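For reference, the chains in residue letters:
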Amino acid sequence: QVQLVESGGDMVQAGGSLRLSCATSGRTFSSYAVGWFRQAPGKEREFVAAINWSGVNRYYANSVKGRFTISRDNAKNTVYLQMNSLKPEDTAVYYCAATSTLSKPAATVSGYDYWGQGTQVTVSS
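Cut-offs and rules
- Residues numbered from 1 in each chain as written.
- Predicted model: local features only at pLDDT ≥ 70, side-chain atom pairs only at ≥ 80, totals over all residues.
- Heavy atoms only, no water.
- Helix = DSSP H or I, 4+ residues; strand = E, 2+ residues; numbered from the N terminus.
- Rg over C-alpha atoms; globule rule 2.2 N^0.38 Å.
- Buried < 20%, exposed > 50% of the residue type's maximum accessible area, 1.4 Å probe, protein only.
- Contact = heavy atoms within 4.5 Å.
- Areas by Shrake-Rupley, 256 points an atom, 1.4 Å probe, with all protein chains shown as cover.
- Lys, Arg positive; Asp, Glu negative; His and termini not counted.
- Charge placed at Lys NZ, Arg CZ, Asp CG, Glu CD.
- Phe/Tyr/Trp six-rings, centres within 6.5 Å; stacked < 30°, edge-to-face > 60°.
- Lys NZ or Arg CZ within 6 Å of the ring centre and 35° of its normal.
- Pairing = 2+ DSSP bridges.
- Axes fitted to C-alpha atoms, helices over the stretch in contact; angles between N-to-C directions.
- Disulfide = S-S within 2.5 Å.
- Polar contact = N/O pair within 3.5 Å; in protein donor to acceptor, adjacent residues only side chain to side chain.

A. Just the overall build of the chain, in detail. Along its length, the chain carries zero helices and 11 strands. For the chain, the α and β elements follow one another from N to C terminus as β-β-β-β-β-β-β-β-β-β-β. Rg of the C-alpha trace for the chain: 13 Å, near the compact-globule value of 14 Å for 125 residues, within the 12% margin. Here the chain holds 125 residues, and the buried ones make up 42% of them. Considering only intrachain contacts with a sequence separation of at least 6, the fraction spanning at least 24 residues in the chain is 59%. Put simply, the chain shows about 6500 Å² of open surface, and 46% of that area lies on carbon and sulfur atoms. Positive and negative side-chain charges in the chain, numbering 12 and 8 respectively, have mean positions lying 7 Å apart.

B. Molecular detail of the packing of aromatic side chains. Counted under the stated rule, the structure contains five aromatic pairs. Ring geometry for Phe37 versus Trp115: centroids 5.0 Å apart, planes at 55°, classification tilted. In this pair, Phe37 is assigned in strand β4 (residues 32-39) and Trp115 in strand β10 (residues 114-115), connecting sequence segments 78 residues apart. Centre to centre, the rings of Tyr112 and Trp115 are 6.4 Å apart; their planes meet at 70°, and the pair counts as edge-to-face. Pairwise contacts between aromatic rings join Phe37, Phe47, Tyr112 and Trp115 into one cluster. Over the ring of Tyr80 we find Arg19; its NZ or CZ atom is 4.0 Å from the centre of that ring. Across the ring face of Trp115, the terminal group of Arg45 is positioned such that the distance to the ring centre comes to 5.0 Å.

C. Spatial organisation of the sheet that holds strand β3 (residues 18-24). Across the sheet, four strands lie side by side as β1-β3-β8-β7; this open sheet has antiparallel pairing. Every other strand in the sheet has two partners, leaving β1 (4-7) and β7 (68-73) as the edge strands with one partner each. Within the sheet, the average angular offset between the axes of one strand and its neighbour, ignoring direction, is 15°. Pairing of β3 with strand β8 (residues 78-83), which is carried by six bridges, proceeds in the antiparallel orientation. Within β8, the residue paired with Arg19 across the bridge is Gln82.

D. Structural view of the state of the cysteines. According to the stated counting rule, one finds one disulfide in the structure shown. The residue that forms a disulfide with Cys22 is Cys96, at a sulfur-sulfur distance of 2.1 Å. With the S-S dihedral at roughly 70°, the linkage between Cys22 and Cys96 falls on the right-handed side. Of this pair, Cys22 sits in strand β3 while Cys96 is found in strand β9 (residues 92-100), placing the two residues 74 residues apart along the sequence. For the pair shown, Cys22 and Cys96 are each scored as buried.

E. Representation of the side chain of Thr99. Structurally, Thr99 is set in strand β9. Reaching out from Thr99, the side chain makes a polar contact with the side chain of Asp113 at a distance of 3.0 Å. Once you skip the residues sitting within four places of it in the chain, Thr99 turns out to touch Ser31, Tyr32, Ala33, Gly111, Tyr112 and Asp113.

What follows is the structure, given as C-alpha cells:
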C-alpha cells in the first residue's frame, strides 16, 4: 500500500558527505512521521534520525548529532538525510521508514509500519 524508495548511497572517504533521499508513494504523506535507520553487517538495525509530520521536530541518535541533518519536502513526498563528516563506522545499509502519526515519531524499529529496501553507504578510511 505504501512504498518507500531510498537513493543516494555511495562509497566515500572518511570526512566526506552524502545526501540520501527517501521518496514515498502515499497521498497522505503530510501526516506521516519518517525515520532513518541503518544496519551494519552482523549488527541489529539502529535508529539514526526521525522527523515529524510537519518537519518542525527532528530527532537524532547521539552518534550522528552535529553531523547528520534530516529534512522533508512534503510537496515532493520526500525526506532527506544529509550526512557530513562521515566516519568508517557509518558504513551500513540505510533504510527509511514511515508511520502515520501526528505525534512525536518513535526512535525504535517497532515504531514504524512501512520500510524501504535500503541503500548502501560505505565510508573508507
